[in-house]
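Here are the chains, one letter per residue:
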Amino acid sequence: MRKVIIDTDPGQDDALAMMTAFGAKKDLNVLGITCVAGNVPLDLTSVNALKICELSGVFSVPVFRGCPAPLKRKLITAEHVHGKTGLDGTDLLVKKKELEPTDAVDFIIECTEKYRDEKITICALGPLTNIAKVLKQDTVLTDSIEEIVLMGGGFFEGGNITPAAEFNIYVDPEAAKIVLESGLKITMLPLDVTHKTLVQRNFLEKLRKSGKNSAIQAAKLLDFFERYDVEKYGSQGGPLHDPNVIVYLLNPEIYYGKLVNVEVEVNSELTRGMTVVDWWNVTDRPPNAYYINEVKENEFFETVLNNILSLEI
Ligand code: RIB
Ligand code: CA
C-alpha cells in the first residue's frame, strides 16, 4: 500500500484521476487531497475536490486548501477548457464533506514528519505551487518523500497553453523549477504521453452503461472536457491527462521513458514554462527526472475503467 497525497486543481481530468485513485483501495492509501489554484481559482478547485470525494462515496479522505496564486506570477486559469465551475458537464453538489482547517502546505509537511519511516508519494496534477512551498520550508523532511509523480511539461508534443508550454508548468514556472532542482525522485507524465491517451468511445460507453452514478457522472465530465481538445486537435477523443499519474503508480510497466535532464524556462516571456528536455543527452546537465513519452493506451483505459467501476456508488 503506497501512501499518497494528491495535489490537484479539479478540473475534469483531475476528477477522474482522483476517482481512479479512490478505486485502487488495495494499492493506494490516499492520505489527503491538497488543492491548488490552476484550472479555476482555489475557491472552486477546493470545493470541486469535495464534490469528487462525495461523488466517489469517499468521506474519510481529508481535503485541504493550498495556494491561491503562483509563487511570483498572476494566476492564469483555464475556464475555456474546464468551464466556469471547473467541473462543467455535471451539477455535482457538496452535501456533507467539509474542507479541513489546516493549510495544505502544513498538512504535507506534517505528513513528512508522521510517515518518516513509511515514505509518501506526492501525485501532482496541477501547478506545482503547493509542492514548491513545501520544499522551501526548512521544517520539511524530504527524506520522507519517496517520489513526486507529476502531470506536466511537454517536449516532442510542444505546448498546450502556448506553443512552448504545458498549462501546469506555465502557470507557475518558478515552482516547477524548484521541484525539478530539489534532488528528489521526479517522474514526469508530460503531454508527450498524455496525448497518447485520447478518450476512447467504448470507454465512455462502458462508464455510461455501468448503472453507477459515479461512473455516469465521470462520463458527463468527460463529454464536456474533451469537446475543446477534440475541436482543437481534430482528434476522435480528448487527451485524458491527469489519470496517467495514478495509473503510472499502479502499472508502471505500461509506460516507457528515460532518465534525462529537464529544465524550465522562467525568464523569457515567449517560452515561459517551456520544459527543455535533454532527451539525447547532448549537454552535461545531470539527469533529474524520469520523463515518460510512451504508454500502452488500452491497458491505461482498462485500469481507469476498472477502478472507477469499483467505486461503491
Ligand atoms: O495541461 C494539462 C494539465 O493542465 C492537466 O493537469 C489539466 O487538469 C490542467 O491542470
Ligand atoms: Ca490538473
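Residues numbered from 1 in each chain as written. Chains lettered and ligands numbered in written order. Predicted model: local features only at pLDDT ≥ 70, side-chain atom pairs only at ≥ 80, totals over all residues. Heavy atoms only, no water.

A. A look at the site of ligand 1. The environment of ligand 1 is made up of 13 residues, and the closest members are D13, L125, N160, E166 and D242. In the environment of ligand 1, an oxygen atom lies 2.8 Å from a nitrogen or oxygen atom belonging to the backbone of L125. Elements with a contribution of two residues or more to the shell around ligand 1: helix 1 (12-22) and helix 6 (167-171). Class assignment for the residues of the shell around ligand 1 results in three nonpolar, five polar and five charged. (Near = heavy atom within 4 Å. Polar contact = N/O pair within 3.5 Å; in protein donor to acceptor, adjacent residues only side chain to side chain. Helix = DSSP H or I, 4+ residues; strand = E, 2+ residues; numbered from the N terminus. Nonpolar A, V, L, I, M, F, W, Y, C, P; charged D, E, K, R; others polar.)

B. Representation of the pattern of salt bridges. Inspection of the entire model under this criterion finds 12 salt bridges. For the salt bridge of E118 with K3, the shortest nitrogen-to-oxygen distance reads 2.9 Å. Here E118 is found in the loop between helix 4 (104-114) and strand 4 (120-124), whereas its partner K3 is found in strand 1 (residues 2-8), with 115 residues between them in sequence. Accessibility expressed as a relative area gives 46% for E118, which makes it partly exposed. The class for K3 is buried, based on a relative accessible area of 14%. In this structure, K196 and E294 form a salt bridge, with 3.4 Å as the shortest nitrogen-oxygen distance. Placement of the pair is K196 in the loop between helix 8 (191-194) and helix 9 (201-208) and E294 in strand 10 (residues 289-295), with a sequence separation of 98 residues. Judged by its relative accessible area of 37%, E294 is partly exposed. (Salt bridge = Lys/Arg side-chain N within 4 Å of Asp/Glu carboxyl O. Buried < 20%, exposed > 50% of the residue type's maximum accessible area, 1.4 Å probe, protein only.)

C. Broad picture of the nonpolar core. Formed by 64 residues in total, the largest nonpolar core has its most connected members in I6, F22, I33, F203, I246, Y255 and F300. At seven residues, helix 1 tops the list of elements feeding residues into this core. Once residues within four sequence positions are removed from consideration, F203 is found in contact with L16, L222, L240, F301, V304 and L305. Of all hydrophobic cores here, the second largest spans 38 residues; its members include I145, A175, W279 and Y291. (Core = buried A, V, L, I, M, F, W, Y, C linked by side-chain atoms within 4.5 Å. Contact = heavy atoms within 4.5 Å.)

D. Seen up close, the sheet that holds strand 3 (residues 63-65). The strand order across the open sheet formed by eight strands is 3-2-1-4-5-6-10-7, and the pairing between neighbours is mixed. If you trace the sheet from one side to the other, it starts and ends with strand 3 and strand 7 (255-260), each paired once. Across this sheet, the average inter-strand angle for adjacent strands is 25°, counted without regard to direction. Both strand 6 (residues 186-189) and strand 10 contribute to a ladder of two bridges, which runs parallel. Bridge pairing in strand 10 places M188 opposite Y291. Its contacts with the sheet place helix 11 (residues 243-250) against strand 1, strand 2 (28-35), strand 4, strand 5 (145-151), strand 6, strand 7 and strand 10, and it is angled at close to 140° to strand 5. (Pairing = 2+ DSSP bridges. Axes fitted to C-alpha atoms, helices over the stretch in contact; angles between N-to-C directions.)

E. Region of the structure containing the packing of helix 1 against helix 11. It is at 7 Å that the axes of helix 1 and helix 11 come closest, and there the two elements cross at 25°. Considering their axes alone, helix 1 and helix 11 lie roughly parallel with respect to each other. Across the interface between the two elements, D13, L16, A17, T20 and A21 from helix 1 touch P243, I246 and V247 from helix 11. Of the residues in the contact of helix 1 with helix 11, the class split is six nonpolar, one polar and one charged. (Parallel < 35°, antiparallel > 145°, perpendicular 65-115°, else oblique.)

F. Broad picture of the coordination of the calcium ion (ligand 2). The coordination sphere of the calcium ion (ligand 2), as far as protein atoms go, consists of D9 (OD), D14 (OD), D14 (OD), L125 (O) and D242 (OD), spread over 2.3 to 2.6 Å. For the calcium ion (ligand 2), the single-chain donor residues occur in sequence as D-x4-D-x110-L-x116-D. Taken together, the positions of D14 in helix 1 and D242 in the loop between helix 10 (213-233) and helix 11 put the pair 228 residues apart, joining distant regions of the chain. According to the relative accessible area criterion, D14 is buried, its value standing at 0%. (Donors = N, O, S within 2.8 Å, 3.2 Å for Na, K, Ca; no water.)

G. Representation of the environment of I108 in the model. For I108, the position within the fold is in helix 4. Given a relative accessible area of 0%, I108 falls into the buried group. With 27 residues separating them along the chain, I108 and L135 place their C-alpha atoms 10.0 Å apart. Sequence-distant contacts of I108, defined by excluding residues within four places in its chain, comprise I5, D7, T34, I122, I131 and V134.

H. Representation of the environment of L189 within the structure. Assignment of secondary structure puts L189 in strand 6. If we skip the residues at most four places from it in the chain, L189 touches V149, L150, M151, G152, T194, N244, V245, Y248, Y255 and I292.

I. Highlighting the environment of F156. With respect to the helices and strands, the residue F156 is situated in the loop between strand 5 and helix 6. The exposure class assigned to F156 is partly exposed, which follows from its relative accessible area of 45%. Note: C-alpha distance between F156 and L42 (114 residues apart in sequence) is 31 Å. Excluding residues within four positions of it along the chain, F156 makes contact with D192, W279 and N293.

Remember that the coordinates give geometry; whether it matters functionally is a separate question.
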